[in-house]
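Report on the structure
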Amino acid sequence: MAINSDGGSCVSADIAAGFSPAAALFHSLADETRLRIVQRLARGEARVVDLTTQLGLAQSTVSKHLACLRDCGLIDYRAEGRQSFYSLTRPELMDLLASAEQLLAATGHAVTLCPAHGGDLAGQAAS
């Protein structure tokens, strides 16, 4: 599943485009909104309405990113009546993100200043 250009793309679309699986995984996590959703789901299950309220985003935006993360196999949901409760499928993801935070701290967040990617990050922050 691919999502529109302002949201990036999912792992399956990246792999189909020739990315290695590892590059596709990191590309899917390169979106600020998806990272925020993952961080929220690390604290426990949430419904779309919970995420829209807590993240201050439109329902359509949250749903789009949930679909991407689900397509990537990183989250899933369980239905309870008419409600869907989303949760992480791979707790190892939080270990990966914790390692990334340690790396950023060790480098003094130098990666955020990288001239090769600074423009991309600035563009993502504005969207």
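In short, a report on the structure. Being a predicted model, the structure only gives us computed values, none of them experimental. (Residues numbered from 1 in each chain as written. Predicted model: local features only at pLDDT ≥ 70, side-chain atom pairs only at ≥ 80, totals over all residues. Heavy atoms only, no water.)

1. Brief notes about the overall build of the protein chain
- Counting its secondary structure elements, the protein chain contains seven helices and two strands.
- Put simply, the protein chain runs from its N terminus to its C terminus through helices and strands in the order α-α-α-α-α-β-β-α-α.
- Within the protein chain, residue pairs in contact and separated by at least 24 positions form 50% of the contacts whose partners lie at least 6 positions apart. (Helix = DSSP H or I, 4+ residues; strand = E, 2+ residues; numbered from the N terminus. Contact = heavy atoms within 4.5 Å.)

2. Considering the pattern of salt bridges
- Evaluated as defined, the whole model comprises five salt bridges.
- Asp76 is the salt-bridge partner of Arg70, the closest N and O atoms lying 3.2 Å from each other.
- Among the ionic pairs, Glu92 bridges to Arg90, the shortest N-O distance being 2.6 Å.
- Of the residues examined, Glu92 reaches a relative accessible area of 41% and is grouped as partly exposed. (Salt bridge = Lys/Arg side-chain N within 4 Å of Asp/Glu carboxyl O. Buried < 20%, exposed > 50% of the residue type's maximum accessible area, 1.4 Å probe, protein only.)

3. Some points on the side chain of Ser28
- Along the chain, Ser28 falls in helix H2 (residues 21-28).
- A polar contact of 2.7 Å, which involves the side chain of Ser28, links it to the backbone oxygen of Leu25. (Polar contact = N/O pair within 3.5 Å; in protein donor to acceptor, adjacent residues only side chain to side chain.)

4. Some remarks on helix H6 (residues 92-106)
- Helix length check: H6, at 15 residues, gives a terminal C-alpha distance of 21 Å against a target of 21 Å (1.5 Å per residue), a fit within 8%.
- A positive phi of about 65° marks Gly108, the residue just after H6. (Expected span 1.5 Å × (residues − 1).)

5. Considering the pairing of strand S1 (residues 75-80)
- Pairing between S1 and strand S2 (residues 83-88): six bridges, direction antiparallel. Along S2, the bridge assignment pairs Glu80 with Gln83.
- Hairpin remark: S1 followed by S2, antiparallel, with two residues in the connecting loop; positive phi at Gly81, about 65°. (Pairing = 2+ DSSP bridges.)

6. Quick look at the packing of helix H3 (residues 32-41) against helix H5 (residues 59-71)
- Between H3 and H5, the shortest axis-to-axis distance is 10 Å and the interhelical angle comes to 75°. Between H3 and H5, the angle is such that the two are roughly perpendicular. Along its contact with H3, which presents Thr33, Arg34, Ile37 and Val38, the element H5 presents Val62, His65, Leu66, Cys68 and Leu69.
- In terms of residue class, the contact of H3 with H5 is built from six nonpolar, two polar and one charged. (Axes fitted to C-alpha atoms, helices over the stretch in contact; angles between N-to-C directions. Parallel < 35°, antiparallel > 145°, perpendicular 65-115°, else oblique. Nonpolar A, V, L, I, M, F, W, Y, C, P; charged D, E, K, R; others polar.)

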